[in-house]
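Take a look at the letters that make up each chain.
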Amino acid sequence: MSPEIHKIQRLPQRGHYDRETIYAILDAARVCHVGLAEGDQPFVLPMLYARAGDEILLHGAPASRLIGHIAAGRPICISVAILDGLVLAKSAFHHSVNYRSVVLFGRGRLIEDLEEKLAALRRLTEHLAPGRWEAARPPNAAELRGTAVVAVRIENASAKVRSGPPADAAQDRTWPVWAGVLPVREAFGEPIPAAYCDE
C-alpha cells in the first residue's frame, strides 16, 4: 500500500503499511469513525462497518449526507482504534496506552445491484454478530429501499501499534508507585432478552 498521504511522522517505528497488519486490525474492531469535509465544515461520524476484500462497507439512510458524499465518489477518511491496555508509568509524562489503530483513505460507490447489496448487508451483520444473518429474518423490500449501502475502496492506509511496558527514565524507576500495564479487553456481558422473546 502506498503511504504517500499518510506516512506516520511521530514515532514512525510504530507504523505498519502491510495489508496483513492493517486488515487484521480492521477485522478485529467493530466501530469506525468516518471523516468527510463539505466546504470548510468537517464531519466525523461513528459507524458500524465491515471489510470485504479491499473495500469498507457502510450503510445508512439513502438521503444522508455521508451516503451522498460517498456515492458521489468524493474522498473519505476512515479510522478505527482498539485499546489494549493502560500503560501506567512511574512518571506522569510516560503514561500511555497500548493500542492498535488504522487510518485509511479512499473513494466509494453506491452498491445498486440487489445481490451485491444483500451480500454486503450480510457481511455487515456477520461482522457485528457472526452467525446472526442466517438466524434473523432477511430484509424485506421496504427495508432494502430504505437502506443505502456504499463500498469505500481502500486506496491508502497505515496502521499504528503500541505494545509493551512503560518507558520510565532511569531516575524515575525508584519512585514509590506501581508501574506496568493494565490490560483492557472487550467482553460481552450476560444477555438481556427482549420483553417479547420467549427464550
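What counts and what doesn't
Residues numbered from 1 in each chain as written. Predicted model: local features only at pLDDT ≥ 70, side-chain atom pairs only at ≥ 80, totals over all residues. Heavy atoms only, no water. Core = buried A, V, L, I, M, F, W, Y, C linked by side-chain atoms within 4.5 Å. Buried < 20%, exposed > 50% of the residue type's maximum accessible area, 1.4 Å probe, protein only. Helix = DSSP H or I, 4+ residues; strand = E, 2+ residues; numbered from the N terminus. Contact = heavy atoms within 4.5 Å. Salt bridge = Lys/Arg side-chain N within 4 Å of Asp/Glu carboxyl O. Pairing = 2+ DSSP bridges.

Chemist: What is the right way to read the nonpolar core from this model?
Modeler: Across soluble globular proteins, nonpolar side chains have a tendency to be buried as a group. If you look at the biggest cluster of nonpolar residues, it comprises 27 residues, and the most contacted ones within it are L26, I56, L58 and I78. Those elements giving two or more residues to this core turn out to be α1 (19-28), β2 (31-38), β5 (55-60), α2 (65-71), β6 (75-88), β7 (96-110) and β8 (148-162). Broken down by element, the residue count for this core peaks at six residues, all from β8. For L26, the residues in contact, after removing those within four places along its chain, are Y49, R51, I56, V80, V102, L104, H127 and I154.

Chemist: Looking at this structure, how should I read the pattern of salt bridges?
Modeler: Close approach of charged atoms allows side chains with opposite charge to pair. Per the stated rule, a full pass over the model turns up 10 salt bridges. The network of salt bridges with common partners includes E55, R109, E116 and R153.

Chemist: I'm lost on the pairing of β8 in this one. Help?
Modeler: Looking along a regular strand, one sees the side chains alternate between the two faces of the sheet. Where burial is concerned, most of β8 is hidden: 12 out of the 15 residues are buried. Note: β5 against β8, six bridges, orientation antiparallel. Counterpart to I56 in the pairing with β8 is V152.

Chemist: What am I meant to see in the environment of I67 here?
Modeler: Mapping I67 onto the fold places it in helix α2. For I67, a relative accessible area of 3% corresponds to the buried category. Once the C-alpha coordinates of I67 and L121 are considered, the two residues, 54 residues apart in sequence, prove to be 15 Å apart. Excluding residues that lie within four positions of it along the chain, I67 makes contacts with H59, G60, A61, P62, A148 and V150.

Shape descriptors only; they carry no functional weight alone.
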